[in-house]
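Remarks on the overall topology
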Amino acid sequence: MAPTHKRECALCTEEFATPKILPCGHLLCRQCIISWMDSKPDAGCPLCRCPIVEQSDGSSSDTVDALPTDFVMEALVESARVLSKDHLCCVCEDVRADFICMQCQDMMCPACTKAHKKFSGTRSHDVESVSTVTPERLAASRPALCADHGDKQAEYFCFKHRLAVCSACKANKHKVCPEVNYLDNEIDSAQNLLNDLTKILVEAEQKLEQAIGQVTSRLQEVDVSEQEDLAQVDKSCDRLQEMVEDFRNNLKEKTRTSHLKIRNSLRDVKTDLSNRLGKMTSHKHIVTRATSVSPRPALIHMTLILALTYRINSLDLSTYLQRELWEKPVSSVECCKKLVRRIQQELLMLEQQWTVAELDTQPPVLVFHDNCGTNIRLTNGNRTAERVDSQAYCNVVVVSRDALVANVLYEVKVDEVSATENTLCVGVTRTPPACLDITRFSEDLEDSSIIGVNGISHQERFVFSPIGEDLKKLQVGSLVGVLMDSFNDLHLYVEGQDQGVVATDIPPPWFAVFDICGSITKMTGLPIS
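In this section: the confidence of the model for the protein chain. Here the protein chain averages 76 in pLDDT, and 79% of its residues register 70 or above. Considering only residues more than four positions removed or in separate chains, one finds that residues 1-5, a stretch of pLDDT under 50, has four contacts. Here residues 454-471 scores under 50 on pLDDT; set against residues more than four positions off or in separate chains, the count is 43 contacts.

This is the structure we're talking about:
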């Protein structure tokens, strides 16, 4: 026997009563759907939240009545109820029934079963053991009865009224209906149609399951790849940490050795100076004592016999120190700075390689870094730059958030202008945007290359290449961009056309710079191509 839960409503957990088919394919009792919709405005399917299409008047009962009824499920529920009743003979009533007629759906004892098979009207019926009959088999064998005469076999189907009718009803009530065909033919056609639909659904189901299996397999591969990549990241970073630690220890050792050498040299000088100071101090005491205490002949004796003058003259009285003693030891600061810059450049190059790898999977767009001062607001995910005060003359500088990739075009579109002649300075900088001080733009971008569209660059120390007169009139919708080629040469693009190389030999990393000056008040970064 089929599992009972398949014939139960998910809301009331009872057997279906007028099961309705929701747009998502789930079955619920008619009254359960009405109650559910009345309790929650804009309620969808309680099982999957898919919407339930409402009628124009918004009535929940009309909405539910418009849904198709699952007559097959109704038949299964009714057949299950028949089989679940007390197995008593429909004739004897107090005798156990072991058999059931599949057409009449009556239960009978063995004696009544023999009589049932002898009657001319029922001898062709299929009588089977109750224990072997399932609700599905019983529902499939139910006879088609006339819609108006429940006790008569239906032989025809009226398409206009969508009813199965007997021959008498066809001749009387449905004689003017345009299409009344034999029921068996229509059942065969419906069965063929259902078989075709089943085939289509089975094939679609298999393809969906196969697609889901492929996605699941891909998800597993992504999970494994993620773990492998994370492990590789940890391994690489651990190796970097080891290298940095080795560099730290080696640099410390060299620093200690350098300082120790100078320290020992200074100590030797100090010792020598201390010894000379001791000799000078001792002779100073002798001379001072002789001057203040000795009688006059003793003075002559001291100077001649002891030869103080000679001894004192032979002492090293100089205080000259070699210049190298005052020079600072070789500093490791500059070496450390160079190492940091080199690591930063290497990491930026790796980031660029990662960006190039992502270009094939998703179309990136030019976005600006939020470090752009107070004269500008960024919207649209930091893609659109707009001057806060469009009337005031103030420089509005934005820098691309990510480093540029070689041979990739980075463009902006002019969204708003306030005059006929407009200026837009574009270029690149090697200074990461997070390190820029927009208020000191000229000083911070000393290594930048800025190109102007219409006008002369007012930024000092910038490599500048003027553009022809034909580019003066930037309008709403105008496109301006930059591209760095493999030779570190900067190209200017206007309206998608390469205007040529405007600056050469600019080593990476590069960040695009857009300086709105003049009458352009708003621009938006475009998809990178």
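From this point, the narrative continues.
Turning our eyes to something else, we now look at the sheet that holds strand β10 (residues 384-387). The seven strands are arranged β9-β10-β19-β12-β15-β16-β17 in an open sheet whose pairing can be described as antiparallel. Both edges of this open sheet fall to β9 (376-379) and β17 (497-503), since each of them pairs with a single strand only. Mean inter-strand twist for the sheet, computed between neighbouring axes without regard to direction, equals 25°.

Those residues of helix α4 (residues 110-118) lying buried are Cys112, Thr113 and His116. Looking down the long axis of α4, one finds its buried residues gathered within 105° of arc, a one-sided arrangement. For α4, the exposed residues set more than 90 degrees away from the buried face come down to Ala111, Lys114 and Lys118. Against the buried residues of α4 lie β3 (99-101), β4 (107-108) and β5 (127-129).

A few words on the sheet that holds β5. Across the sheet, three strands lie side by side as β4-β3-β5; this open sheet has antiparallel pairing. With one partner strand each, in any of the chains shown, β4 and β5 form the two edges of the open sheet. Bridge count between β3 and β4: two bridges; the pairing is antiparallel. Paired with Ile100 across the two strands is Met107, which belongs to β4.

Here we take up the nonpolar core. Judged by nonpolar contacts, the single largest core of 34 residues is most densely connected at Phe368, Val398, Leu424, Phe514 and Met523. With sequence-adjacent residues up to four places away left out, Phe368 is seen in contact with Leu378, Asn382, Arg383, Ala385, Val398, Val399, Ser400, Arg401, Val412, Phe514, Met523 and Gly525. Judged by nonpolar contacts, the second largest core, of 19 residues, contains Leu22, Cys32, Val64 and Ala139.

With that settled, the discussion passes to the pattern of salt bridges. For the structure on display, the rule yields nine salt bridges. The shortest N-O distance in the salt bridge between Glu221 and Arg218 comes to 3.2 Å. Of this pair, Glu221 and Arg218 both sit in helix α7 (residues 183-293), three residues apart, roughly one helical turn. Look at Glu221 and you get partly exposed, because its relative accessible area is 42%. In this structure, the salt-bridge partner of Arg401 is Asp402, at a minimum N-O distance of 3.4 Å. Overall, the relative accessible area of 31% leaves Asp402 in the partly exposed class.

Let us look at the environment of His26. Assignment of secondary structure puts His26 in the loop between β1 (19-21) and β2 (27-29). By relative accessible area, which is 29% here, His26 ends up partly exposed. Separated by 16 residues in sequence, His26 and Ala10 have C-alpha atoms that sit 9.4 Å apart. Excluding anything up to four places from it in sequence, His26 contacts Lys20, Ile21, Cys45, Leu47 and Cys48.

Glancing now at the side chain of His283. Looking at the element boundaries, His283 is found in helix α7. Of the residues examined, His283 reaches a relative accessible area of 11% and is grouped as buried. Among the polar contacts listed, one links the side chain of His283 to the backbone oxygen of Lys279, at a separation of 2.9 Å. Sequence-distant contacts of His283, defined by excluding residues within four places in its chain, comprise Arg311, Ile312 and Leu315.

This brings us to a nonpolar patch on the surface. The grouping of Leu193, Leu194, Leu197 and Ile200 at the surface amounts to a nonpolar patch, some 380 Å² of accessible area in total. In this structure, Leu197 sits in helix α7. Note on Leu197: relative accessible area 41%, which makes it partly exposed.

This paragraph deals with the packing of aromatic side chains. Inspection of every chain in the model, using the stated rule, returns three aromatic pairs. Pairing Phe157 with Phe159 gives two aromatic rings, centres 5.2 Å apart and planes at 85°, and the pair type is edge-to-face. The class of Phe159 is partly exposed, set by a relative accessible area of 30%. Positioned above the aromatic ring of Tyr156, the side-chain terminus of Lys170 is 5.1 Å from the ring centre.

Conventions used here
- Residues numbered from 1 in each chain as written.
- Predicted model: local features only at pLDDT ≥ 70, side-chain atom pairs only at ≥ 80, totals over all residues.
- Heavy atoms only, no water.
- pLDDT = per-residue confidence, 0-100.
- Contact = heavy atoms within 4.5 Å.
- Pairing = 2+ DSSP bridges.
- Helix = DSSP H or I, 4+ residues; strand = E, 2+ residues; numbered from the N terminus.
- Axes fitted to C-alpha atoms, helices over the stretch in contact; angles between N-to-C directions.
- Buried < 20%, exposed > 50% of the residue type's maximum accessible area, 1.4 Å probe, protein only.
- Arc of directions from axis to C-beta.
- Core = buried A, V, L, I, M, F, W, Y, C linked by side-chain atoms within 4.5 Å.
- Salt bridge = Lys/Arg side-chain N within 4 Å of Asp/Glu carboxyl O.
- Polar contact = N/O pair within 3.5 Å; in protein donor to acceptor, adjacent residues only side chain to side chain.
- Patch = residues over 30% accessible without salt bridge, like charges linked within 9 Å, V, L, I, M, F, W, Y side chains within 5 Å.
- Areas by Shrake-Rupley, 256 points an atom, 1.4 Å probe, with all protein chains shown as cover.
- Phe/Tyr/Trp six-rings, centres within 6.5 Å; stacked < 30°, edge-to-face > 60°.
- Lys NZ or Arg CZ within 6 Å of the ring centre and 35° of its normal.

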